[in-house]
Amino acid sequence: MVRSNSMPEAWAKSLDLHLDLSGTRVRSALESALRDAIRDGRLHPGTRLPSSRALAADLGIARNTVAEVYSQLVAAGWLTAQTGAGTSVAAQAAAAGPAGSARTAAARQLRYDLRPGEPDVSSFPRREWLAAARKALAAAPDHVLGYGDPRGLPELRTALAEYLARARGVVTDPDRVLICSGYAAGLAAVSRALRASGARTVAVEEYGHRLHRDIITAQGLDLRLLPIDDRGAQAGDADAAVLTPAHQFPLGMTLDPRRRRAFTDRGAIVIEDDYDGEFRYDRQPVGAMQALAPDRVVYAGTASKSLAPGVRLAWLVVPPQLADGITAELTGGPSAIDQLTLAGFITHGEYDRHIRRVRLAYRRRRDRLVTALLGLGLELTGISAGLHAVVNIRTTQLSRLEARARDHGLALDTLAVYAARAVPDRSGLVIGYGHPPEHAYTTALARLCAVLAP
Ligand SMILES: Cc1ncc(COP(=O)(O)O)c(C=O)c1O
């Protein structure tokens, strides 16, 4: 017998749930269909199930079969049964049973995430952002809600031109600012424009995000890898180069001033990924490399670290001769309402206030990390900046540490995750201290110390 039944009518109407009872053993098919529905989240904790009589009638199976399945799932912790209240999905149901254990193990594994990438999204300035959004939308003329300028709204381009000149030393005017929905989207547009203008090769630092390398090659460009030493990346032959001069990602050094010159003097286009330029803790941030050669450097900034990745707002400041070509390749920019909101946020000083606040919080987190590691005789490498740092650890010790981290429910990245090629004598962990939220950071640090303890 092969059955494939929908849930009973009345129940399906309110829950819109489909149970697939396929196979010859109805009892086990019903049991696993219910377990799957709970595990997948289609049946939420607390959801009341139909009586065994009603379900049996609707499925055309024996009532006893349903009753046995219910008792079995109650015994295993998936369901709860209370006299008079019927049978419901248990509060911790998704964690029950063998499949649930695997899920719990995975959740435990990621419970404390010290991988680099995200800022503390719990510190997103919701109230201020909401107020700015309300104000921006109330004041916006209707035409703002049309398709608009593919470069982005002039309000945001003007606000960013002023902010970037002031805070990062970028040489620009609003006409050279382009808005995109994330650095990755901007990089794709620049890569396409470069390819269309005849470029064939792009140099990237030998450590960086694989996603970014993939974006470049997906546009038909060949990669050249730039070796990195204490002074940052070494210039090499290519039609363009993508660099993280303020804070190499992930190794953490700044690009030496002579190296900066070496890149800009070559005449090739440089794409400057200034992903965390606002977060420098030891002294005044080194200004953007773009100021050295505004006609050859594409400056790229993003709100992914300063506000939150979910905001999906980023910006490019482009050399005039590339502006049209890159604009033509920009697709699907961010919402006009979000652009207006960020414009107001910047011009009313909220952005600066937020940066100052989170900069202090991240600086404290970094200090705590430094102190904790010093207690173990370990040191962070790289400048005091950003939301991540590297601790050098020998390759031979890494797999043991990775296993220990898993046991402690700690997600960690090794340097190898970001390597475009194996580099002898470079191995370690890349620790992201921008998250978890403040209340969980203490435990995350304690677990890190337990993992790294000799
Ligand atoms: C090196 C680097 N560049 C850029 C970004 C920003 O990427 P996006 O704006 O696409 O979120 C990140 C984000 O984590 C990053 O680590």
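To keep things clear, this report deals only with the structure shown in the data block. (Residues numbered from 1 in each chain as written. Predicted model: local features only at pLDDT ≥ 70, side-chain atom pairs only at ≥ 80, totals over all residues. Heavy atoms only, no water.)

## Some words on the sheet that holds strand β14 (residues 388-392)
Judged by pairing direction, the sheet is antiparallel, and its four strands sit side by side in the order β13-β14-β17-β16 without closing on themselves. Where the open sheet ends on each side, the last strands, each with one partner, are β13 (380-381) and β16 (413-414). Where β16 lies against strand β17 (residues 428-432), two bridges are found, and the strand directions are antiparallel. In the strand pairing of β17, Asp 413 is matched with Val 430. (Pairing = 2+ DSSP bridges. Helix = DSSP H or I, 4+ residues; strand = E, 2+ residues; numbered from the N terminus.)

## Describing the nonpolar core
Leu 307, Trp 315, Leu 342, Tyr 351, Leu 369 and Leu 448 are the most contacted members of the largest nonpolar core, which has 56 residues in total. Among the elements that take part in this core, helix α16 (residues 438-452) stands out by supplying seven residues, more than any other. Other than its neighbours up to four places away in sequence, Leu 307 contacts Pro 119, Phe 124, Pro 125, Trp 129, Leu 342, Phe 345, Tyr 351 and His 354. Counting 28 residues, the second-largest nonpolar core is a separate cluster that includes Ala 189, Leu 194, Val 204 and Val 298. (Core = buried A, V, L, I, M, F, W, Y, C linked by side-chain atoms within 4.5 Å. Buried < 20%, exposed > 50% of the residue type's maximum accessible area, 1.4 Å probe, protein only. Contact = heavy atoms within 4.5 Å.)

## Quick notes on a nonpolar patch on the surface
Together, Leu 137, Leu 145 and Ile 337 make up an exposed nonpolar region whose accessible area comes to about 250 Å². Turning to its location among the elements, Leu 137 is positioned in helix α6 (residues 126-139). Of the residues examined, Leu 137 reaches a relative accessible area of 43% and is grouped as partly exposed. (Patch = residues over 30% accessible without salt bridge, like charges linked within 9 Å, V, L, I, M, F, W, Y side chains within 5 Å. Areas by Shrake-Rupley, 256 points an atom, 1.4 Å probe, with all protein chains shown as cover. Salt bridge = Lys/Arg side-chain N within 4 Å of Asp/Glu carboxyl O.)

## Points about the pattern of salt bridges
Counted under the stated rule, the structure contains 23 salt bridges. In this structure, Arg 168 and Asp 274 form a salt bridge, with 2.7 Å as the shortest nitrogen-oxygen distance. One end of the pair, Arg 168, is in helix α7 (residues 154-168); the other, Asp 274, is in the loop between β10 (269-273) and β11 (297-302), and 106 residues separate them in sequence. Using a relative accessible area of 3% as the deciding quantity, one classes Arg 168 as buried. The buried category is assigned to Asp 274, whose relative accessible area is 4%.

## Topic: the sheet that holds β10
If you walk across this open sheet you meet the seven strands as β4-β12-β11-β10-β9-β5-β6, and the pairing is mixed. At either end of the open sheet lies a strand with only one pairing partner, and these are β4 (177-180) and β6 (222-226). Across this sheet, the average inter-strand angle for adjacent strands is 20 degrees, counted without regard to direction. Relative to β11, β10 runs parallel, the two being bridged by four bridges. Along β11, the bridge assignment pairs Ile 271 with Val 298. The sheet strands contacting helix α12 (residues 320-329) are β4, β10, β11 and β12 (314-317), and the helix crosses β4 at an angle near 20 degrees. (Axes fitted to C-alpha atoms, helices over the stretch in contact; angles between N-to-C directions.)

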